[in-house]
Amino acid sequence: MASDSLEGVLRKDFFWGYATAATQVEGGWNADGKGVSIWDTFAHTPGKVKDGSTPDEAVLSYYQYKSDVALLKQYGVTGYRFSLSWSRIIPLGGANDPINEAGLQYYSNLVDELLANGITPFVTLFHWDTPQALEDRYGGMLDMKSYIPDFVNYARVCFERLGDRVKNWITYNEPGVYTLAGYAAGVHAPARSSNRDLNEIGDSSTEPFIVGHTELVSHAYAVQLYREKFQETQKGSIGITLHGNWSEPWDEDDPLDQEAAERAREFEIAWYGDPVYKTGDYPASMRAQLGDRLPKFTAEESKLVLGSSDFYGMNSYTSFYIRHLDTPPHIDDHSGNVEKLDTNKKGVSRGPESDTYWLRTSPWGFRKLLNWIWKRYGVPIYITENGTTAKGETAPTEEVLNDRFRIEFFEGYINALTTAVKEDGVDIRSYFAWTFTDNWEWAAGYSDRFGVTYVDFESKEKKRYPKRSAFVIKDLFGKYIAKD
Ligand code: PNW
């Protein structure tokens, strides 16, 4: 419940709204010259997506951006976070490949439409959809030397063409999920892992760390370009968004579980966070476990990466109980040799189940995580994703549209973040809920509904039905954000 004592706690220039990603919402997968991304390839490979669906149409936001912006305005948002599809802008991806003007025009129109409605755009350059042509040409991010000039060129085109109006840039969305799901588990594009039942190629023990290194270094080069050539005139800010759930010791009194929980946070978050915000290097706990399988930063890379983000972009959904293991780490372990559990030693559950196997409502960990990030890194935090699915959302009935489960999730998390500002002095500047409408949830297809808007995927126009959570969020921020 909205507590009155939190009224006016958030800064008056606090941004709130919804986040989306190009592949998950746009559709028009080959429209107007768009090139193929690794997610188009993945989804068009039989057996890869749970419901056999593709993002060919998704929610057709490529065609319906005007009515979508009108709905966002009705929801009262002050910001909207979306991602650019690299292969829509440069179909073959490379620095010497042609630009697709029609693709750029779409994003330019979307930005104009948002601004005309008083909504501030937050733009992500990369939300997992590597151009397939670069994957074919040199293996995408596995080849850092070939990849960097292509990514930096793509970033330059975006700054040049949209930076007069876009003032909030995010280079990468969740580099850790891209590497772990795509190269360790092999359940996301580009579908590589050591598991030969699932993937023909890949090495889960090395590739995720190579790709992670490429993401960090290419991020830093794009930021360097922005700072040197664009920031002074365009006056925007630029950073990276990291994922991270809260890790709580399974037995709070066992020092081994306390260490294991911290190690889990380091493997999940500090893998990217420490190089960017703290040391210019990977955490010692990762080096100790992974040895030479973890790449080394050259002196030049380290200098470039440290300080390469104006803010901490934070995506978080849930919390886990972490228990230490007494056995040595498996070669394909990426979590710090721990066990992740749903209940702690006392039998307390981490929270009620959603419709997504890893996600449970656990706002108690959100405030702890905000504090951990703030203490460790000390830069302003922009919450760029947070949200949930709910069981049984299969038709736009009155009960489904009155989405109690999602409402309780948002009340819990938004109260937790506002309390972290008020009681703990954490500097939080934005909140983007995931997500605006039900959409194509990657390998889960259309089965996992994260939207505050129900979408009838059977209808030709992907008809939208607002859920009540959209208006609850609006009321909460209406109270919690300070007025002039
Ligand atoms: C994020 N985890 O991915 C992505 O940025 C979105 O595109 C996605 O739709 C959303 O969360 C919901 O899944 C995550 O296991 C995937 O902790 C997995 C995790 C976290 C984030």
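Residues numbered from 1 in each chain as written. Predicted model: local features only at pLDDT ≥ 70, side-chain atom pairs only at ≥ 80, totals over all residues. Heavy atoms only, no water.

The line we're drawing: UniProt positions are given in the numbering used here, feature names are shortened, and annotations may be inferred rather than shown by experiment.
By the naming in an unreviewed UniProt entry, the protein is beta-glucosidase, taken from Coleophoma cylindrospora. Among the UniProt annotations of the protein, the heading Function (unreviewed entry) holds the following wording: "Plays an important role in cellulose degradation. Shows hydrolytic activity against several glycosidic compounds." As its UniProt record puts it under Sequence similarities (unreviewed entry), the protein is described as follows: "Belongs to the glycosyl hydrolase 1 family."

1. Focus on the sheet that holds strand β6 (residues 246–249)
Operational definition: For two strands to be treated as a pair, DSSP must find at least two bridges joining them. Under the scheme used here, helices are H or I runs from DSSP no shorter than 4 residues and strands are E runs no shorter than 2 residues, and both carry numbers assigned from the N terminus. Helix axes are fitted to C-alpha atoms over the stretch in contact, other axes to C-alpha atoms as well, and angles between N-to-C directions run from 0 to 180 degrees. Residue contacts are defined here by distance: any two heavy atoms, one from each residue, within 4.5 Å place the two residues in contact.
Spatially, the 3 strands line up as an open sheet ordered β6-β8-β9, and their pairing is mixed. The sheet is open, and its two borders are formed by β6 and β9 (338–341), each paired with just one other strand. Neighbouring strand axes in the sheet, compared pairwise and without regard to direction, differ in orientation by 40° on average. Relative to β9, strand β8 (residues 319–324) runs antiparallel, the two sharing 4 bridges. When the sheet's bridge partners are listed, His324 is paired in β9 with Val338. Against the sheet, helix α10 (residues 255–278) engages β6, β8 and β9, with an angle of about 170° to β6.

2. Notes on the pattern of salt bridges
What counts, and what does not: Salt bridges are defined as contacts in which a side-chain nitrogen from Lys or Arg sits within 4 Å of a carboxyl oxygen from Asp or Glu. The rule is simple: take the accessible area with a 1.4 Å probe, protein chains only, and divide by the maximum for that residue type; under 20% is buried, over 50% is exposed, in between is partly exposed.
Applying the stated criterion to the full structure yields 34 salt bridges. For Arg192, the salt bridge goes to Glu207, with nearest N and O atoms at 2.9 Å. A residue pair is termed long-range when its members are at least 10 positions apart, and Arg192 in the loop between α8 (175–184) and α9 (207–234) and Glu207 in helix α9 qualify at 15 residues. For the pair Arg192 and Glu207, a shared accessibility class is recorded, and that class is buried. Arg406 is the partner of Asp403 in a salt bridge, and the nearest nitrogen-oxygen pair spans 2.9 Å.

3. Section: the site of the ligand
Which entries qualify depends on this criterion: Any residue with at least one heavy atom within 4 Å of a molecule or strand is counted as near it. Two N or O atoms form a polar contact when they lie within 3.5 Å of each other; inside protein one atom must be a possible hydrogen donor and the other a possible acceptor, and for residues adjacent in sequence the pair counts only when both atoms belong to side chains. Surface exposure here means Shrake-Rupley accessible area, sampled with a 1.4 Å probe, where a residue is shielded only by the protein chains that are shown. Charged means Asp, Glu, Lys or Arg here, nonpolar means Ala, Val, Leu, Ile, Met, Phe, Trp, Tyr, Cys or Pro, and polar covers whatever is left, Gly included.
Lining the immediate surroundings of the ligand are 14 residues, of which Gln24, His127, Asn245, Glu441 and Trp442 lie closest. Here Asn173 contributes a side-chain N or O atom positioned 3.0 Å from an oxygen atom of the ligand. Between the ligand and Glu174, the relevant distance is 3.0 Å, taken from an oxygen atom to a side-chain nitrogen or oxygen of the residue. In the complex, the protein chains occlude 89% of the 450 Å² of accessible area that the ligand would expose alone. Classifying every residue of the shell around the ligand by side-chain character gives 6 nonpolar, 5 polar and 3 charged.

4. Observations concerning the side chain of Arg265
Counting through the fold element by element, Arg265 comes out in helix α10. One polar contact links the side chain of Arg265 to the main-chain carbonyl oxygen of Ser247, over a distance of 2.7 Å. In this view, Arg265 contacts Trp246, Ser247, Pro249, Ala270 and Trp372; residues no more than four positions away in its chain are not counted.

5. Let's talk about the environment of Asp332
Within the secondary structure, Asp332 is located in the loop between β8 and β9. Its relative accessible area of 27% is what places Asp332 among the partly exposed residues. On a C-alpha basis, the gap between Asp332 and Asn96 in space is 37 Å, while along the polypeptide they are 236 residues apart. If sequence neighbours within four positions are ignored, Asp332 has contacts with Ser194, Ser204 and Ser205.

6. Regarding the pairing of strand β1 (residues 15–19)
Each regular strand displays side chains that alternate between the two surfaces of the sheet. Taken across its 5 residues, β1 has 4 buried, putting it largely inside the fold. Here β1 pairs with strand β11 (residues 428–433) via 4 bridges, running parallel. Each bridged residue has a counterpart across the sheet, and for Tyr18 the counterpart in β11 is Ala433.

7. Structural notes on the sheet that holds β11
Spatial ordering of the closed barrel is given by β1-β2-β3-β4-β5-β7-β10-β11, a layout of 8 strands whose pairing is parallel. When the angles between neighbouring strand axes are averaged without regard to direction, this sheet yields 25°. In terms of strand pairing, strand β7 (residues 312–315) meets strand β10 (residues 381–385) through 4 bridges, oriented parallel. Note on β10: the bridge partner recorded for Asn315 is Glu385. On top of the sheet, α8 reaches β3 (120–126), β4 (168–173) and β5 (237–243); it is set at about 40° to β5, its chief contact.

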